[in-house]
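Secondary and tertiary structure notes
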Amino acid sequence: MASVDECRQALQDLAARLDRHADMQERIDLDRTLACRVTDLDTAFHGRLTGGRLVDLTDGDDPKAKIALSTTSDDLVALLRGELDVTKAVAARRVSIKANPFDLMKLRKLL
């Protein structure tokens, strides 16, 4: 099981990767709040996806987030490192994403 710090670091790595590629991703019109719930650690993180970037990432849940991702710590780390395909993970119910269907299509481009 991955630790809270490993999950936080994986999210920060994703934010840095998105920031490096933001020029290419600015075409993705997505400005939404995001909550990432780690079920086996009973913890959560939240931030905002805007302009192809993940910003304002912090600990804690956002129950009003427009996009909510729930998964285990190991699957979160694997997903964010590119070791787990998001489509297959959702189909296998290893990852749950609650969002508008149009937002899901845009989010898939970012992951």
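Residues numbered from 1 in each chain as written. Predicted model: local features only at pLDDT ≥ 70, side-chain atom pairs only at ≥ 80, totals over all residues. Heavy atoms only, no water.

**A word on the side chain of Asp 75**
- Inspection of the secondary structure assignment puts Asp 75 in helix H3 (residues 73–80).
- With relative accessibility at 10%, the residue Asp 75 sits in the buried group.
- Setting aside residues up to four positions removed in sequence, Asp 75 forms contacts with Leu 84 and Arg 94. (Helix = DSSP H or I, 4+ residues; strand = E, 2+ residues; numbered from the N terminus. Buried < 20%, exposed > 50% of the residue type's maximum accessible area, 1.4 Å probe, protein only. Contact = heavy atoms within 4.5 Å.)

**What to know about the side chain of Thr 33**
- One can find Thr 33 in strand E1 (residues 31–38).
- There is a polar contact of 2.9 Å between the side chain of Thr 33 and the backbone nitrogen of Lys 66.
- Setting aside its immediate chain neighbours within four residues, Thr 33 contacts Gly 47, Arg 48, Asp 62, Lys 64, Ala 65, Lys 66 and Ile 67. (Polar contact = N/O pair within 3.5 Å; in protein donor to acceptor, adjacent residues only side chain to side chain.)

**Looking at the sheet that holds strand E4 (residues 67–71)**
- Spatially, the 5 strands line up as an open sheet ordered E3-E2-E1-E4-E5, and their pairing is mixed. A strand with exactly one partner marks an edge of an open sheet, and here the two such strands are strand E3 (53–59) and strand E5 (95–98). Between one strand and the next, the sheet's axes are offset by a mean angle of 20 degrees, whatever the strand orientation.
- With 8 bridges joining them, E1 and strand E2 (residues 43–50) adopt antiparallel strand pairing. Residue pairing for E2: Asp 31 is matched across the bridge by Thr 50.
- Contacts from helix H1 (residues 4–20) reach E1, E2 and E3, with the element oriented near 160 degrees to E3.
- This element, H3, spans E1, E4 and E5 of the sheet and lies at about 120 degrees to E4. (Pairing = 2+ DSSP bridges. Axes fitted to C-alpha atoms, helices over the stretch in contact; angles between N-to-C directions.)

**Description of the nonpolar core**
- Counting 27 residues, the largest nonpolar core has Cys 7, Leu 49, Leu 54, Leu 69, Leu 76 and Ile 97 as the members making the most contacts within it.
- Secondary structure elements with two or more residues in this core: H1, E1, E2, E4, H3, helix H4 (86–91) and E5. (Core = buried A, V, L, I, M, F, W, Y, C linked by side-chain atoms within 4.5 Å.)

**Some points on the environment of Ala 44**
- Topologically, Ala 44 is positioned in strand E2.
- For Ala 44, a relative accessible area of 9% puts it in the buried group.
- Residues Ala 44 and Asp 62, spaced 18 residues apart in sequence, show a C-alpha to C-alpha distance of 8.4 Å.
- Discounting residues that sit within four places of it in the chain, Ala 44 has contacts with Cys 36, Arg 37, Asp 59, Gly 60 and Asp 61.

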